[in-house]
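Examination of the molecular architecture
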Amino acid sequence: KKVYVTLRNLVEKYRGQALMADVEEGLILGFVDFLRSDATDIKSDTTVAKYVDRLKVIYREYCDHYGITFKKRIFQGLGVDGDKSPDKIIYVNDAQYDALLKLTFSEKEKRLEITRDIFLLLCNTALYYNDLMAIDSTAGLDPNLISIDPECMVLQGERKKNGEEFWIPLNDTAKRIVKK
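Residues numbered from 1 in each chain as written. Predicted model: local features only at pLDDT ≥ 70, side-chain atom pairs only at ≥ 80, totals over all residues. Heavy atoms only, no water.

Some points on the overall build of the chain
Assigned secondary structure in the chain consists of eight helices and two strands. Ordered by position from the N terminus, the helices and strands of the chain form the series α-α-α-α-α-α-α-β-β-α. The C-alpha radius of gyration of the chain comes to 22 Å, more than 25% above the 16 Å expected for a compact globule of 180 residues. Seen through its C-alpha atoms, the chain measures out along the principal axes to roughly 60 × 35 × 25 Å. Each of the 180 residues in the chain was classed as buried or not, and the buried ones make up 29%. Summarising the internal contacts of the chain: among those between residues at least 6 apart in sequence, 50% fall at separations of at least 24. Approximately 12600 Å² of the chain is accessible, and the part contributed by carbon and sulfur atoms is 52%. Distance from the positive charge centre (28 side chains) to the negative charge centre (29 side chains) of the chain: 3 Å. (Helix = DSSP H or I, 4+ residues; strand = E, 2+ residues; numbered from the N terminus. Rg over C-alpha atoms; globule rule 2.2 N^0.38 Å. Buried < 20%, exposed > 50% of the residue type's maximum accessible area, 1.4 Å probe, protein only. Contact = heavy atoms within 4.5 Å. Areas by Shrake-Rupley, 256 points an atom, 1.4 Å probe, with all protein chains shown as cover. Lys, Arg positive; Asp, Glu negative; His and termini not counted. Charge placed at Lys NZ, Arg CZ, Asp CG, Glu CD.)

Remarks on the packing of aromatic side chains
In total, this model carries eight aromatic pairs according to the counting rule given. Between F31 and F34, the ring centres sit 6.4 Å apart and the planes meet at 25°, which makes this aromatic pair stacked. Pair noted here: F31 and F34 are both in helix α2 (residues 25-36), with a separation of three residues, about one helical turn. For the pair Y59 and Y62, a centre-to-centre distance of 6.3 Å together with 25° between the ring planes defines the contact as stacked. Separated by three residues within a single helix, Y59 and Y62 lie in helix α3 (residues 45-66), roughly one turn from each other. (Phe/Tyr/Trp six-rings, centres within 6.5 Å; stacked < 30°, edge-to-face > 60°.)

Here is the structure:
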């Protein structure tokens, strides 16, 4: 939410009473120039790309809500690569994942075991760490399903980033970790 508040403040600083209906290529180009100017504390194009991307998301939602055609071209050719993929994608391959599963820890290394289990749970649910940690321990598992079938475990909560609710059926590995 913080980035959206900051974005709103930046837009207001750039163009006092700008409306979503005013969004067009010239406004976006001017906003990018403003973000790069000395009028802001923004020092990197990565940060500029972040704000442009958030503005694009808000504009797309506005268009969807009012049945207006989303004009993607407005956000293209800005000299800001908001859709840039990382140069190198780092991931855990199958062999590394299996090795993590098989790791055993001594009693002194309990903290490492907990860390490993959290990482594996994140891998198996596709949740962000903050979303997992924000799950309410009393409501995190769907009690209605568990009362019907104790083996049917579903993790539920709300994504911190966008407020969207999630409902994730757990696989066997995730169930084993949650039951610990």
